[in-house]
Amino acid sequence: MPIDPKAVGVTGEPQKRSWNSKDALLYAVGVGAGTGELPYTTENTKDTAQRVLPTFAVIIGGGGAPFGQIGSFNPAMLVHGEQGIELFDEIPVEGEIESTGRCTAI
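Criteria and cut-off values
Residues numbered from 1 in each chain as written. Predicted model: local features only at pLDDT ≥ 70, side-chain atom pairs only at ≥ 80, totals over all residues. Heavy atoms only, no water. Helix = DSSP H or I, 4+ residues; strand = E, 2+ residues; numbered from the N terminus. Buried < 20%, exposed > 50% of the residue type's maximum accessible area, 1.4 Å probe, protein only. Contact = heavy atoms within 4.5 Å. Phe/Tyr/Trp six-rings, centres within 6.5 Å; stacked < 30°, edge-to-face > 60°. Salt bridge = Lys/Arg side-chain N within 4 Å of Asp/Glu carboxyl O.

### A look at the environment of Val58
And step 1. Residue placement: Val58 occurs in helix 3 (residues 56–60).
And step 2. You can call Val58 partly exposed: its relative accessible area is 32%.
And step 3. With 10 residues separating them along the chain, Val58 and Thr48 place their C-alpha atoms 25 Å apart.
And step 4. In this structure Val58 touches Gln83 and Ile85, once residues within four positions along its chain are discounted.

See below:
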């Protein structure tokens, strides 16, 4: 089935995701944080509490997209047009969320 333009507005099923200290550390190193960003790259430096990069929200909040309802397409050809996050506080070092994706445009 080809992509269905009527899928605009379709919402996916809620999806739970969790992360821990190691996930946050690996993300920070993976996006290039180094020794100058110790709060993001270490969990055991004296007098330095571990923190999570705000952009980690894009990774942990990426679940629940309704791809199965949009139609068939080659994911390698997908253009990621826009994504936004709004943070009200720091992301905790460990946690769990439930996210739901919605198709807003095709």
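There is more to say, and it comes next.
### A short note on the packing of aromatic side chains
And step 1. A full pass over the atoms with the stated rule returns three aromatic pairs.
And step 2. In textbook terms, an aromatic cluster arises when at least three aromatic residues are bridged by ring pairs, as seen for Trp19, Tyr27 and Phe56.

### Remarks on the pattern of salt bridges
And step 1. For the structure on display, the rule yields two salt bridges.
And step 2. The partner of Glu90 in a salt bridge is Arg51, with the nearest N and O atoms 2.9 Å apart. On the criterion of sequence distance, the pair formed by Glu90 in the loop between helix 4 (67–70) and strand 2 (95–99) and Arg51 in the loop between helix 2 (38–41) and helix 3 is long-range, its members being 39 residues apart.
And step 3. When its relative accessible area of 45% is taken as the criterion, Glu90 is described as partly exposed.

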